[in-house]
Amino acid sequence: MSAEPTSAENPWPVRTVARKIAEWINRLGQVWVEGQVTQINARPGTSTAFLTLRDPAADVSMTVTCPTGLLRGIDPPLRDGASVVVYAKPTFYLGRGTISLRATEIRAVGIGELLARIERLRRLLAAEGLFAKERKRRLPFLPKGIGLITGRASAAERDVLVNAHNRWPAAPFQVVNTAVQGVQAVPQIVKALRMLDADPSVEVIVIARGGGSVEDLLPFSDETLCRAVAAARTPVVSAIGHEPDTPLLDHVADVRCSTPTDAGKRVVPDVKEESERVRQMRDRARRALHGWVDTQCRLLDQLRSRPVLADPMGPVNRRADEIELHRERGRRAMLNLVSHEQAAISGARGRLTALGPAATLERGYAVVQYHDEAGNLQVLRHISEVAEGTPLRVRVVDGAVHAVTKSTEPGE
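So, a few notes on the structure that sits alongside this text. (Residues numbered from 1 in each chain as written. Predicted model: local features only at pLDDT ≥ 70, side-chain atom pairs only at ≥ 80, totals over all residues. Heavy atoms only, no water.)

### A closer look at the nonpolar core
Short version of the rule: Side-chain atoms within 4.5 Å are what join buried Ala, Val, Leu, Ile, Met, Phe, Trp, Tyr and Cys residues into a set we call a nonpolar core. Type-normalised accessible area, obtained with a 1.4 Å probe on protein chains alone, sets the label of each residue: buried when under 20%, exposed when over 50%, and partly exposed for intermediate values. A run of DSSP states H or I qualifies as a helix once it reaches four residues; a run of E qualifies as a strand once it reaches two. Both are numbered from the N-terminal end. Whether two residues are in contact is decided by their heavy atoms: any pair within 4.5 Å suffices.
Core analysis: the biggest nonpolar cluster contains 36 residues, and Ile149, Ile207, Phe220 and Val229 have the highest contact counts within it. Mapped by element, the contributors of at least two residues to this core are α3 (111-127), α5 (185-197), β8 (204-209), α6 (223-231), β9 (236-240) and α7 (248-252). It is α5 that provides the largest number of residues to this core, a total of seven residues. In contact with Ile207, not counting residues within four places along its chain, are Ile149, Ile189, Phe220, Val229, Val236, Val237, Ser238, Ala239, Ile240 and Leu249. Listed in part, the 19 residues of the second largest apolar core include Leu148, Leu161, Val255 and Cys257.

### Some details on the sheet that holds strand β1 (residues 31-41)
Pairing between sheet strands relies on hydrogen bonds along the backbone, with the strands arranged either parallel or antiparallel. Put simply, the rule reads: By definition, two strands form a pair when at least two bridges between them are found by DSSP. Convention adopted: a line fitted to C-alpha atoms gives each axis, helices being fitted over their contacting stretch, and angles between N-to-C directions are expressed from 0 to 180 degrees.
One closed barrel holds the five strands; their spatial order is β1-β2-β3-β5-β4, and the pairing between them is mixed. Across this sheet, the average inter-strand angle for adjacent strands is 55°, counted without regard to direction. Relative to strand β4 (residues 83-93), β1 is paired through six bridges, and the arrangement is antiparallel. Considered in β4, the bridge of Gly35 is made with Val84. Against the sheet, helix α1 (residues 14-26) makes contact with β4 and β5 (98-108), and its axis sits at roughly 145° relative to β4, the strand it touches most.

### Comments concerning the pattern of salt bridges
Applied cut-off: Throughout this description, the term salt bridge denotes a Lys or Arg side-chain nitrogen within 4 Å of a carboxyl oxygen of Asp or Glu.
Taken as a whole and judged by the stated rule, the model has 17 salt bridges. For Glu23, the salt bridge identified is with Arg19, shortest N-O distance 3.2 Å. Of the two residues, Glu23 and Arg19 are both situated in helix α1; the distance of four residues between them amounts to about one turn of the helix. Judged by its relative accessible area of 31%, Glu23 falls in the partly exposed class.

As structure tokens, this is what we get:
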């Protein structure tokens, strides 16, 4: 195909562009393509059947055309959601400007091949750590909101709601109905999961579906769904199929339940069991409190039976008697000391009185000396021995000397 220059003055017509595109596409040749079948249209009396081949891991699809006989010759007949491998040649239709695959061979993917692919994906996700126990989150004891993703009016929805409400009648559910098989299952489930995960009132999300074949449960082993569950912030419960069914969602989810019935029992506690547990705890608390009170009462009785508490005033009275005794002894000792000191003072006073000049004078005599004409000191025996005006010296017993002069006045 030549690259002829184009410009606004020299543009290509639509037919030229379409033809050149068709030439490029025709060079591709035939290829093997894998996907899920949807929108099968094989009208009676027509030679061409139409179907859509969708990539289950991405929102990408292509139209496939094939002879009606080729489609009817597949056993078992194809149905929506079936995985197939198509040998087809890309074709560009000039009139409509569309690309489709012209299939010359269609092979249904067998169960063994599906299981092998699931196993390869399981090893991939496990290697990335999406199955690690460290990532698993515990379910809340009593969630204030429960999201349920399941099929409309399905047995799985009924089993979850009935069993959950039997255990806890006030359990609040937010149910989102989606397709649970076929090509629309994964996009709808992922959309519902993200919506519930963004709701702050939802504390746990349950994805439930009843039993089915491997093909029916294939959406729950889809890589897109597994990664969406792993990225969710809200704990996710997987309740898919029956006990033997183990899609990859069971490994990625935080809790795996064997059946939807089991999920209804796991997400909420049993009100009867919890009431009984509360009653038992109250009984244990009551017994513990009574035991503690009894222990403290016995301890108080023991403390009260001790002598210091049985007769609290006894030690005080005994101490009071001892204090009174010592006080009396102190008083007597003080009185004796005072009496002894008073006696000593009285004796000293008596001695001072006896030796003092006052006492001598009171007895009517004194020692009087004078100097005679020769200047000698003489003891006066009579007042007539000295002339008037002669100085006299009276010696008192305590040693004090008083000088007096003889007076001629009568009475002195």
